[in-house]
Amino acid sequence: MRTFLPHWLASGARVTWPERKTRKRPRGRISVSLATTEKGGRGRKKGLVPSYVAAAVAAAAVAPPLKGWHKAGPSEAAAAMSGLAVGGEGRSDGGGGGGDSSAGRWAGWKLLALGLLSASSVLAAAPAVQAMGREEKRRLGNQVVEMFDHAYSNYMEHAYPADELMPLTCRGRVRGQEPSRGDVDDALGKFSLTLIDTLDTLVVLNKTKEFEEAVKKVIRDVNLDNDIVVSVFETNIRVLGGLLGGHSVAIMLKEKGEDMQWYNGELLHMAKQLGYKLLPAFNTTSGLPYPRVNLKFGVRSPEARTGTETDTCTACAGTLILEFAALSRFTGASIFEEYARKALDFLWEKRQRSSNLVGVTINIHTGDWVRKDSGVGAGIDSYYEYLLKAYVLLGDDSFLERFNTHYDAIMRYISQPPLLLDVHIHKPMLNARTWMDSLLAFFPGLQVLKGDIRPAIETHEMLYQVIKKHNFLPEAFTTDFRVHWAQHPLRPEFAESTYFLYKATGDPYYLEVGKTLIENLNKYARVPCGFAAMKDVRTGSHEDRMDSFFLAEMFKYLYLLFADKEDLTFDIEDYIFTTEAHLLPLWLSTANQTAPRKNITTEYTELDDSNFDWTCPNTQILFPNDPMYAQSIREPLKNVVDKSCPRGVSRAEESLGTGPKPPLRARDFMASNPEHLEILKKMGVSLIHLKDGRVQLVQHAIQAASSLDAEDGLRFMQEMIELSSQQQKEQQLPPRAIQIVSHPFFGRVVLTAGPAQFGMDLSKHKSGARGFVAVSKPYNGCSEITNPEALKDKIALMQRGQCMFAEKARNIQKAGAIGGIVIDDNEGSSSDTAPLFQMAGDGKNTDDITVPMLFLFNKEGSIILDAIQEYEAVEVLLSDKAKDRDLEMESMDQKSSDNESHNQRPEEISADLNLVSQDPEGEGGLESPAELGSNSVSLKDQESCIPKLQETNKLQETSSQASDLQSHPEEQSEIETDSNPTDSWDNNNKGQSMESILADWNEDIEAFEMMEKDEL
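Residues numbered from 1 in each chain as written. Predicted model: local features only at pLDDT ≥ 70, side-chain atom pairs only at ≥ 80, totals over all residues. Heavy atoms only, no water.

### A look at the overall build of the protein
The helix and strand inventory of the protein stands at 29 helices and 33 strands. The proportion of buried residues among the 1016 residues of the protein is 65%. Carbon together with sulfur atoms contributes 47% to the accessible area of the protein, which is approximately 35500 Å² in total. (Helix = DSSP H or I, 4+ residues; strand = E, 2+ residues; numbered from the N terminus. Buried < 20%, exposed > 50% of the residue type's maximum accessible area, 1.4 Å probe, protein only. Areas by Shrake-Rupley, 256 points an atom, 1.4 Å probe, with all protein chains shown as cover.)

### With respect to the nonpolar core
Formed by 178 residues in total, the largest nonpolar core has its most connected members in Phe 211, Leu 243, Leu 521 and Phe 531. Excluding residues within four positions of it along the chain, Leu 243 makes contact with Ile 196, Val 218, Leu 224, Leu 267, Met 270, Ala 271 and Leu 274. (Core = buried A, V, L, I, M, F, W, Y, C linked by side-chain atoms within 4.5 Å. Contact = heavy atoms within 4.5 Å.)

### Details of unusual backbone geometry
With an omega of 10°, the peptide bond between Tyr 160 and Pro 161 qualifies as cis. Here Pro 161 lies in the loop between α3 (134-158) and β1 (164-166). Here Pro 417 and Pro 418 are connected by a cis peptide whose omega angle stands at 5°. As for its placement among the helices and strands, Pro 418 is situated in the loop between β9 (415-416) and β10 (419-420). Of note, the phi angle at Leu 490 is positive, near 60°, even though the residue is not glycine. Structurally, the position occupied by Leu 490 is in the loop between β14 (483-485) and α15 (493-505).

### So, helix α24 (residues 805-814)
Among the residues of α24, those classed as buried are Phe 805, Ala 806, Lys 808, Ala 809, Asn 811 and Ile 812. One or two residues past the end of α24 sits Gly 816, with phi positive at roughly 100°.

### Observations concerning the sheet that holds strand β5 (residues 311-313)
Backbone-to-backbone hydrogen bonds join strands into a sheet, with any given pair of strands oriented parallel or antiparallel. An order of β5-β6-β7 is seen for the 3 strands of this open sheet, with the pairing classed as antiparallel. The open sheet has two edge strands with one neighbour each: β5 and β7 (369-371). Taking the axes of each pair of neighbouring strands and ignoring which way they run, one obtains an average angle of 35° across the sheet. As paired strands, strand β6 (residues 361-363) and β7 are joined by 2 bridges and run antiparallel to one another. Paired with Ile 362 across the strands is Trp 369, a residue of β7. (Pairing = 2+ DSSP bridges. Axes fitted to C-alpha atoms, helices over the stretch in contact; angles between N-to-C directions.)

### Details of the packing of aromatic side chains
What characterises a pair of aromatic rings is the spacing of the ring centres plus the angle enclosed by the ring planes. According to the stated counting rule, one finds 26 aromatic pairs in the structure shown. Where Phe 148 meets Phe 555, the ring centres are 5.8 Å apart and the plane angle is 80°; that geometry is what we call edge-to-face. With Phe 148 in helix α3 and Phe 555 in helix α17 (residues 548-562), this pair connects stretches of sequence that are 407 residues apart. Take Phe 555: its relative accessible area is 0%, and that puts it in the buried class. When the ring of Tyr 383 is compared with that of Tyr 384, the centres are 5.4 Å apart and the planes differ by 50°; the resulting orientation is tilted. Judged by relative accessible area, Tyr 384 falls into the buried class, the value being 1%. Taken together, the aromatic side chains of Phe 148, Tyr 152, Phe 531, Phe 550 and Phe 555 make up a single cluster linked through ring pairs. Positioned above the aromatic ring of Trp 348 is the side chain of Arg 351, whose terminal nitrogen or guanidinium carbon lies 3.8 Å from the ring centre. (Phe/Tyr/Trp six-rings, centres within 6.5 Å; stacked < 30°, edge-to-face > 60°. Lys NZ or Arg CZ within 6 Å of the ring centre and 35° of its normal.)

### Some details on the packing of helix α4 (residues 193-204) against α17
Axis separation between α4 and α17 bottoms out at 7 Å; the angle between their running directions is 15°. Comparing their axes, α17 and α4 come out roughly parallel. Once α4 is placed against α17, the crossing between them reads as left-handed. Where α4 abuts α17, its residues Leu 193, Thr 194, Asp 197, Thr 198, Asp 200, Thr 201 and Val 204 lie against Ser 548, Phe 549, Leu 551, Ala 552, Lys 556, Tyr 559 and Leu 560. In terms of residue class, the contact of α4 with α17 is made up of 7 nonpolar, 4 polar and 3 charged. (Parallel < 35°, antiparallel > 145°, perpendicular 65-115°, else oblique. Left-handed = near helix turned anticlockwise from the far one by under 90°. Nonpolar A, V, L, I, M, F, W, Y, C, P; charged D, E, K, R; others polar.)

### Section: the sheet that holds strand β29 (residues 853-856)
If you trace the 7 strands from one edge of the open sheet to the other, you get β24-β23-β30-β25-β26-β27-β29, paired in mixed fashion. The strands lining the two open edges of the sheet, one partner per strand, are β24 (749-753) and β29. Ignoring which end each strand starts from, the neighbouring axes of this sheet average 30° apart. Across 4 bridges, the pairing between strand β27 (residues 819-823) and β29 is parallel. Each bridged residue has a counterpart across the sheet, and for Ile 821 the counterpart in β29 is Leu 854.

### As for the pairing of β27
Of all 5 residues in β27, 5 are buried, a share of seventy percent or more. Residues Gly 819, Ile 821 and Ile 823 point to one face of β27 and Gly 820 and Val 822 to the other, with burial holding for every one of them. On the question of chirality, the crossover connecting strand β26 (residues 795-799) to the parallel β27 by way of α24 is right-handed. (Right-handed = clockwise from strand over helix to strand, strands pointing away.)

Right, here's the structure in full:
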């Protein structure tokens, strides 16, 4: 990702906004000045921050083409300048002007993205890291240039005009002449890929003579009319982007009057030719492009050998707007921008509306999500980047609104600092996998651009610890930081984020990180003919591969990290960088604009703005004269991966008393004990009350009283995770079913219920337990039942809370009930938004409990409660799975209902209502335990429950209270008093009729069926 800062930005300027009509803007954080660049899909992400960016990121400011001002900067945003200025519409800060001059192009734009102050004025070097001297920075910059020369010269000598260099065998990779590598080869199109991808890198590294020769070679040798099938995404970001970036710097050099005087737009002509060759891919009803296209024959024709695909990744379809819009602005042909906009519009409309997340893979014809997991890594990554940068470059407010909406969802569901874990778009509280891919390393850089710097620092530090362990970032690694996929194709995402964080904080620590990257590349990846990708980071074995993005991006990031403004031959602040780190001039924002478009961002939801406190944050607020700011965030994560991570006390040490004595062991923790809560606070562990009623344990080591307390806290969290994981391994039960069998339901309504670890085992009783339901008094079932006559031989309904599940079971069993149903006390909770869980015992012997017990979330429980209000006599069947409806049941229930004088309205019940009888995931919300390496555990406010173990650092609602924790019936993280327990159900259920309840459920059927088919 790239940052840029207009050179005319004065550090002491006053904020003045042009007077114009403003409309409501989306609320949220936005830092527009650092233009991002990441890779998407099978590609990578990029971001580039010009070296001229001094130290701290400033507040976002908008360009005149953008209407109004958007609130910017969270409390932990990258530091902002205390004053920014913006010129009015059609004017530069020095007056009017237009024309073709560089100054004229800036007229009316004045993009104010992230104002930056010098490092010395904001952050001094942290004591732990000495400021790097100018000579050392220059030495490292020169070393980067030498490394680039080694890679580039070997490509030109041994591989050109082939697409890529094979550095182990010192020859070029020509598609069709080497064994196929599958989709990876779709980037190769026999168009000298590496040379085109490297064009603007040559200029950034001050190699203007080599650039001029390279342009001549491209014009002379490259053929774009090959009969070959290529990836639309890769060809767009690498080849089209490379040609446009080369054209951008070529005209810049020509304007200077020294180099490229012969140049007459030849690269732009080739870019336009290539753009037209990509357009046939957009011939779909949705506007989403086919993933591949034949450069000569397009799609779907017999000669094309492509066009039968039905799916594409979100990033593949959503990472086109910068290149296509730039091509339209350069040439005046609006068709390219229009096609790219249509694809983005379609993706936005197809987002999952309740979570505001998008899936990884989508059907290009129907718009159905094929892969419903969502993250910030491969398959989605650069879609988010291009939304933000499209707003920067094109001035369309809708792109910013979309970005903010998605970002809010990412931080709500996917971000689990320092981890970023994929989730299910329909059930965003469920993690979709237990590992992360390396492409997400771009995200800290994007967060810097957004202005959300704390989580950026945390995730970056975690990634750096993984790199220090393996020398490179594995293609994928687990939540406990073990290698999942061992390859490393020399990706630049981590270097990108390192660059952004250095520019945001001025912390020399990030220069040392860059130095480590340089040393590792030279020590482990350098070979005689270039740099070879790592086949296995654990063994150090190589792969005969050097991708074009290594030259296009890695060396840009590293050089700019160590370069000062005077080290560059041009002002990089005048450019925005694409996901492949290609340069596009900002003056395109006002060139050949398309017709004004109506904002189609519909149903935009106002975001929680509690963290967005300043419209123009200032460095003294965001970085309050604290030279240790970034270090204070990093420090607690130093041991997150390393072997020196705090270890548990062994049994031998514990018995001998020789090991460290933690203030609190997880097995002893009682949520109702004030002393325990105080110890947690001292260790930096806090209890967070979630909106769905759960309580989550989260450790922020920075909040601990001392570093030793932070280690104790980390040890406590690890023990808690191990306890819950162990207990879940020991006790995993499938979901159960509650079937309403009385008139007028006749078994049509089936509710998925959570099982209990005690009482009757319904799986061993095929007939289940059948009976009419009755509400217990007190409703919470925590004391002696006062209406035993009403519960005798019936199934008791109770509310969750106030005591352990086992205690409720004993009370209703004593009153003569034949079963029990516990209904969640959290209003609105539902199995379609939260994982089902098991009801745990109280740590004592529960063999005395013989009645079956099941758990329903609030929404499902309301079905039964409202049925009682409307029909009084409601009979249910508790079983291990739903039973088939039979005529005998229906006729018997009909006779029973005829004998009772109930004024029922069977016509109100849909005759063909068929609610899902099992959890959409097929396992009732219970999975095998995930591999965990987390600082986050969730608890429930009242009873100890064992939910589906998240494949994440968040154990939702867990048995994190664990087996020993369950031995304390009185423990509660927060005990709610109920002065009128017998009235609580009546007070809470004056609600909807059965008709409206069933109608709501009927609308959910389609979503449930869709989720049934999805594989996590």
